[in-house]
Structure formats: structure tokens, C-alpha cells
Amino acid sequence: MEYEAADLTETVNTVLILTSNMIKHSKTEVITQFESIPPVFCRQDEICQVWTNIITNAIQAMGEGGTMEIGLKYDKTKETITAWFKDNGCGISEEIKPRIFEPYFTTKEKGVGSGMGLDISRQIVESHKGRIYFESEEGVGSTFFIELPIYQE
């Protein structure tokens, strides 16, 4: 899979279309806040996989009737784009925060999740010379941030 110039706004919108049934059935409200951003040199299918993993996790964490905010922000100083996904779900407890990106680690019931989504997302983001991190408060919700450089060597 080759790197190519991609509009991250389009990639997020594509994944929102692909996950629209899940969003609709969970009665999730999606609010987008997209700045005008330059293209990112990336492997689009892999970036779409990251968005899918994060959106799916957020919907599952919120249960029915949650609100998810998705944003894209351009940092001219660092020459990066930051995508953020905020949910008002159950949040992540302090004791499991250090394990959240571990392969096969899951808090979901058997058969619901493999525990690979965030590990795969971390690997993809790091292969793009980016970083993934989160803020979370138990009982309040979580925000995942994915920072990607605009230009790659």
C-alpha cells in the first residue's frame, strides 16, 4: 500500500458513512468540527482503520444515546494535523489506562472485542510518524487524539 496525499476530512467522512448504521442504531449524536487543513501524506486505508476503531470503541463505550465530537485541527508551528474523538461514555479507569494500547487487552465482553483495535491503531499511527494518546475520566468520557505530520520523508 502506497503513501499518497489525503484529505483527512474526507477520510473521517468516509468512515462516518461506513459506520452510519452503528451510529444510527446506538442513537449517537455526532458533532464535527473540521478546520480547513492541508493534505497529509499517508496510507488512506490504514488511517480509515484507525478512525473506524476509535469511533466503534466510542459508540460501544457510550451505549445508547451518547454524543461524539470529532474534530480536525491544523498546527502550523508543528506542521501536524490533530484529529480528536470525544465521547461522553463510561470513561477509562485509572488502573487500566496504562494498558489501553496493549495487544489483546479489552474490557469488553467475550465476543464483542478482540483487544486489538487500539494496538493496531497505535501501530498504524506510529508507522506514519505520528502519535496517539488519550484523556479520560471515569464516568465522564474519553477523548482520543491522533497527531499526524503533514509531510513524510
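The structure under discussion appears in the preceding block.
Residues numbered from 1 in each chain as written. Predicted model: local features only at pLDDT ≥ 70, side-chain atom pairs only at ≥ 80, totals over all residues. Heavy atoms only, no water.

A word on the packing of aromatic side chains
Inference 1: This structure, assessed with the given rule, holds six aromatic pairs.
Inference 2: Ring geometry for F101 and F144: centres 6.4 Å apart, planes at 85°, overall edge-to-face. On the criterion of sequence distance, the pair formed by F101 in the loop between β5 (80–87) and α4 (117–127) and F144 in strand β7 (residues 141–149) is long-range, its members being 43 residues apart. In terms of burial, F101 and F144 fall into one category: buried.
Inference 3: Centre to centre, the rings of Y133 and F145 are 4.9 Å apart; their planes meet at 15°, and the pair counts as stacked. Here the residue Y133 occupies a position in strand β6 (residues 131–137), and F145 occupies one in strand β7, the gap between them amounting to 12 residues.
Inference 4: Exposure remark for F145: the relative accessible area of 15% places this residue in the buried category.
Inference 5: The structure contains a cluster of three or more aromatic residues connected by ring pairs, namely F101, F134 and F144. (Phe/Tyr/Trp six-rings, centres within 6.5 Å; stacked < 30°, edge-to-face > 60°. Helix = DSSP H or I, 4+ residues; strand = E, 2+ residues; numbered from the N terminus. Buried < 20%, exposed > 50% of the residue type's maximum accessible area, 1.4 Å probe, protein only.)

So, the layout of surface pockets
Inference 1: Roughly 160 Å³ of volume is contained in the second largest pocket.
Inference 2: K86, D87, G141, S142 and T143 are, among the 13 residues lining the second largest pocket, the residues nearest its centre.
Inference 3: Residue assignment for the lining of the second largest pocket shows that the elements contributing at least two residues are β4 (67–75), β5, β6 and β7.
Inference 4: Among the residues forming the lining of the second largest pocket, the class breakdown is two nonpolar, six polar and five charged. (1 Å grid on protein atoms, 1.4 Å probe; cavity = no way out; pocket = protein on both sides within 12 Å on 5 of 7 lines; lining within 4 Å. Points joined across faces, edges and corners; volume = space filled by probe spheres on them. Nonpolar A, V, L, I, M, F, W, Y, C, P; charged D, E, K, R; others polar.)

Brief notes about the pattern of salt bridges
Inference 1: All chains considered together, the criterion is met by nine salt bridges.
Inference 2: A salt bridge links R43 to E46; the nearest nitrogen and oxygen atoms lie 2.9 Å apart.
Inference 3: Its relative accessible area of 13% is what places R43 among the buried residues.
Inference 4: The buried category is assigned to E46, whose relative accessible area is 18%.
Inference 5: Its salt-bridge partner being K97, residue E94 comes within 2.7 Å of it at the nearest N-O pair.
Inference 6: Taken together, the salt bridges that share partners define one network made up of K78, R131 and E147. (Salt bridge = Lys/Arg side-chain N within 4 Å of Asp/Glu carboxyl O.)

So, the side chain of T82
Inference 1: Within the element layout of this structure, T82 appears in strand β5.
Inference 2: For T82, the contacting residues outside a window of four places in its chain are G71, L72, K73, F145, I146 and E147. (Contact = heavy atoms within 4.5 Å.)

Section: the sheet that holds β5
Inference 1: The strand order β2-β4-β5-β7-β6 describes an open sheet built from five strands, whose pairing is mixed. With partners counted over all chains shown, the strands left at the sheet margins are β2 (29–34) and β6, one partner each. Taking each pair of neighbouring strands and ignoring which way they run, the sheet shows an average axis angle of 15°.
Inference 2: For β6 and β7, the ladder comprises seven bridges, and the chain directions are antiparallel. The residue of β7 that forms the bridge with F134 is F144. (Pairing = 2+ DSSP bridges. Axes fitted to C-alpha atoms, helices over the stretch in contact; angles between N-to-C directions.)

Side note on the pairing of β5
Inference 1: Most of β5 is tucked away: seven of the eight residues are buried.
Inference 2: As defined by bridge partners, β4 adjoins β5 across eight bridges and the pair is classed as antiparallel. The residue bridging L72 from the neighbouring strand is A83, located in β5.
Inference 3: Counting the residues in the hairpin turn of β4 and β5 gives four residues, including E79, whose phi is positive at 55°.
Inference 4: Where β5 and β7 come together, eight bridges link them in antiparallel fashion.

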